[in-house]
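Each chain, written out:
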Amino acid sequence: MLNIIPNLLFAIILATAAYFAIKNFGKIKRNILLGKPQKRNDNPTARLRMMLLVAFGQQKMFDRPISALLHLCVYVGFVVVNIEMLEIVTDGLFGTHRVLMGILGPCYATLINIFEFLAVAVILACVAFLIRRNVLKVGRFQSAEIKNWPWLDANLILTIEIALMVAFLTMNASDKALQLQNISHFADTGTFWVSGMFVPLISNFDTNILLILERASWWVHIIGVLLFLNYLPFSKHLHIMLAFPNTYYANLQTKGAMNNMSEITNEVKIMLNMPADNTPPADIKRFGAKDATDLTWYNILNAYTCTECGRCTSVCPANLTGKALSPRKIMMDTRDRMEEIGKNIDLNGTFKDDGKTLIDSYISHEELLACTTCNACVEACPVNISPLEIILELRRYKIMEESQAPQSWNMMFQNMETSFAPWKFAPSDRAKWTEGM
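Residues numbered from 1 in each chain as written. Predicted model: local features only at pLDDT ≥ 70, side-chain atom pairs only at ≥ 80, totals over all residues. Heavy atoms only, no water.

K.L.:
Help me understand the overall build of the chain in this model?
P.N.:
Check the secondary structure of the chain and you find 21 helices and 0 strands. Computed over its C-alpha atoms, the radius of gyration of the chain comes to 28 Å, more than 25% above the 22 Å expected for a compact globule of 437 residues. Sorting the 437 residues of the chain into buried and exposed places 43% on the buried side. Once local pairs closer than 6 in sequence are excluded, the contacts in the chain between residues at least 24 apart make up 75%. Across the chain, 40 positive and 38 negative side-chain charges occur, with their mean positions spaced 3 Å apart. (Helix = DSSP H or I, 4+ residues; strand = E, 2+ residues; numbered from the N terminus. Rg over C-alpha atoms; globule rule 2.2 N^0.38 Å. Buried < 20%, exposed > 50% of the residue type's maximum accessible area, 1.4 Å probe, protein only. Contact = heavy atoms within 4.5 Å. Lys, Arg positive; Asp, Glu negative; His and termini not counted. Charge placed at Lys NZ, Arg CZ, Asp CG, Glu CD.)

K.L.:
Honestly, the environment of Gly-342 in this entry has me stumped. Any pointers?
P.N.:
Positionally, Gly-342 belongs in helix 16 (residues 327-348). On a C-alpha basis, the gap between Gly-342 and Ile-28 in space is 8.3 Å, while along the polypeptide they are 314 residues apart. Setting aside its immediate chain neighbours within four residues, Gly-342 contacts Arg-30 and Asn-31.

K.L.:
Just checking my understanding: could you explain the packing of aromatic side chains for this structure?
P.N.:
Two aromatic rings are characterised by how far apart their centres lie and by the angle between their planes. Taken as a whole and assessed by the stated rule, the structure comprises 9 aromatic pairs. Summarising the aromatic geometry, the rings of Tyr-19 and Phe-20 are spaced 5.1 Å apart at their centres and angled 75° between planes, so their arrangement reads as edge-to-face. Counting every residue linked through ring pairs, the aromatic cluster contains Tyr-248, Tyr-249, Trp-297 and Tyr-298. Just above the ring of Tyr-298 sits the side chain of Arg-40; from NZ or CZ to the centre is 4.2 Å. Geometry around Phe-141 places Arg-133 over its ring, the cationic atom sitting 4.1 Å from the centre. (Phe/Tyr/Trp six-rings, centres within 6.5 Å; stacked < 30°, edge-to-face > 60°. Lys NZ or Arg CZ within 6 Å of the ring centre and 35° of its normal.)

K.L.:
Explanation requested: helix 1 (residues 5-33) in the structure shown.
P.N.:
Here helix 1 is 29 residues long and its end C-alpha atoms lie 42 Å apart, about the 42 Å a rise of 1.5 Å per residue gives. Residues of helix 1 that are buried: Asn-7, Phe-10, Ala-17, Ala-21, Asn-24, Ile-28, Asn-31 and Ile-32. Among the structural elements, helix 4 (84-94), helix 10 (207-231), helix 13 (297-305) and helix 16 are those in contact with the buried residues of helix 1. (Expected span 1.5 Å × (residues − 1).)

K.L.:
So what exactly am I meant to see when it comes to the pattern of salt bridges here?
P.N.:
Side-chain pairing between opposite charges can occur once the charged atoms of the two side chains come close. Taken as a whole, this structure holds 20 salt bridges when the rule is applied. Taking the shortest distance from any N to any O, the salt bridge between Glu-402 and Lys-398 comes out at 3.0 Å. Judged by relative accessible area, which is 2%, Lys-398 ranks as buried. Salt bridges sharing common partners tie together Asp-291, Arg-337, Glu-340, Asp-354 and Lys-356. (Salt bridge = Lys/Arg side-chain N within 4 Å of Asp/Glu carboxyl O.)

K.L.:
So what exactly am I meant to see when it comes to the side chain of Gln-179 here?
P.N.:
Here Gln-179 is to be found in helix 7 (residues 149-180). Given the relative accessible area of 9%, Gln-179 is considered buried. Not counting the four nearest positions on each side in its chain, Gln-179 is found in contact with Phe-186, Ala-187, Asp-188 and Thr-189.

K.L.:
Got a minute to help me understand the nonpolar core in this structure?
P.N.:
Nonpolar side chains in soluble globular proteins generally cluster together in the buried interior. Membership of the largest hydrophobic core comes to 80 residues, with the highest contact counts inside it found for Met-165, Tyr-304, Leu-325 and Leu-394. In terms of residue count, helix 6 (residues 107-134) provides more of this core than any other element does, 10 residues in total. Those residues within four positions of Leu-325 in sequence are excluded, and the remaining contacts are Cys-316, Ala-318, Asn-319, Ile-330, Glu-367, Ala-370, Cys-371 and Ile-391. Residues Ala-173, Ala-177, Leu-178 and Val-199 belong to the second largest nonpolar core, which totals 7 residues. (Core = buried A, V, L, I, M, F, W, Y, C linked by side-chain atoms within 4.5 Å.)

Dropping the structure here:
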């Protein structure tokens, strides 16, 4: 009876972690779908290719080779090493020990050695990232929007990844030490090169101490991974999962192409006696976006996918010249507002006006006006996020609903309406400059 207690305890912990993970990820899905509908399912072949190159292949990361190589170590290492979770979960549920060894035979040691070398790569890369953030203080990690919780979040997740890899190597080392003491439950696994270097340091430990060390490492690794899974919905590292759908549904249009409101375009065509769509005009509740739920579901998915890496802000010409705009902050603000709306719904059953909106409460008019629509932020993002789409929708609301545009812009709008060009010249006079040539 006593032998099944650890297995039962593990099953309860696993089920509890799975329940809360599904619940929290379900809330994120709900929040994303609160956005306006938008069709993004055209050209599946091109979309799949985009996802494989950008999300899986990390194509755009290599614009900055050093950070790309470090990130690749963490990405590949963490994902591959946690294949070991299949064995750990099976052993935890059924009381077996290294169940895959019986299936893989001699190949098992080779597989674990690969895992161990990758674990070392993860540790070294995470240490390098910690140094870059906290010692070298790379510029894009020092902005105001990533102080406090974002700063703690980044450091915490790097520390957790190091702890998980250390627990994995400690588990293997203590397991091998127990094998050398001929403990029956610990069958010979072959040579593990990395953890094997530490075996001489602990091989003379008392058997009970080694058993405690092995079990403690085992539990730390599995509990750490389960906690990490439940921490993801509250962390910027949610991009580990959302980068794939985000790149799949990314905009396939040429950068710089802006989406006009079809209803407005139709009205303009009618006014200019141009062929127009004869379908009845849609019931437009609002021009542009005032709050996060006025954005499309894809814009909100962008916000949840944001890695907070700051590449967008570091290339933004407005930000580089001292303007208030930071594309990274736009995405973080959108996600924070969406989280606030979701919590409001959880509390009240339906959304109750809280007197806040994405624009003004989170993002200022000054930030929106600073954007030059150059698409540098979109080009720089390693997972194809588009802060520009959100900026344009918010700016559209400010101009079309609240008539809050700079005087110079209003003059341009008036000229385009009356003279069909940004300049105040009659259409019949546009070619006069050519006279006498």
